[in-house]
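Structural description and commentary
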Amino acid sequence: MSKVMVSYKVKPECAEENERLVRAVYEELERRGTDGLSYATFRLQDGVSFVHVAARETDGAENPLLELEAFREFQKDIAERCVERPVASELQEVGSFRFWP
């Protein structure tokens, strides 16, 4: 299983738009019923920091998020919305309890 975390910080005036774009990704995921993907997004207490955590059942497989129109729309202007650009980190699990399906 491949696990990745992406974190970034948006400009305060872009936080609501960013959240709207993220919610659109989840709406499309629900409609399409993408299998083999666990995905969660969190908006941190400061209101401008976001963390996305994704797990794919198959290592090395194409990221199913890249197939989504809503995800492409989310990514399109991410650089302009950010004060701190997205940083992706591969996660190596030490332990978890009911976190992944």
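Below, the structure is looked at part by part. (Residues numbered from 1 in each chain as written. Predicted model: local features only at pLDDT ≥ 70, side-chain atom pairs only at ≥ 80, totals over all residues. Heavy atoms only, no water.)

1. Quick look at the pairing of strand β3 (residues 49-56)
Of all eight residues in β3, eight are buried; the element is thus mostly enclosed. Where strand β2 (residues 37-43) and β3 come together, seven bridges link them in antiparallel fashion. Its bridge partner being in β3, F42 is matched across the sheet by V51. Between β2 and β3, which pair antiparallel and follow one another directly, the connecting turn spans five residues, one of which, G47, has a positive phi of 85°. (Buried < 20%, exposed > 50% of the residue type's maximum accessible area, 1.4 Å probe, protein only. Helix = DSSP H or I, 4+ residues; strand = E, 2+ residues; numbered from the N terminus. Pairing = 2+ DSSP bridges.)

2. Points about helix α1 (residues 15-32)
Between its terminal C-alpha atoms α1 stretches 26 Å, which fits the 26 Å expected from 18 residues at 1.5 Å a residue. Taken as a whole, α1 has its buried residues at A15, N18, E19, L21, V22, V25, E28 and L29. Those residues of α1 hidden inside the fold are in contact with β1 (2-10), β2, β3, α2 (69-76) and α3 (78-81). Just downstream of α1 lies G33, where phi reads positive at about 65°. (Expected span 1.5 Å × (residues − 1). Contact = heavy atoms within 4.5 Å.)

3. Describing the packing of α1 against α2
At a minimum axis separation of 8 Å, α1 and α2 run at an interaxial angle of 160°. With respect to α2, the element α1 is oriented roughly antiparallel. In the crossing of α1 with α2, the sense of the turn from one axis to the other is left-handed. On α2, the residues that touch N18, L21, V22, A24, V25 and E28 of α1 are E69, A70, F71, E73 and F74. (Axes fitted to C-alpha atoms, helices over the stretch in contact; angles between N-to-C directions. Parallel < 35°, antiparallel > 145°, perpendicular 65-115°, else oblique. Left-handed = near helix turned anticlockwise from the far one by under 90°.)

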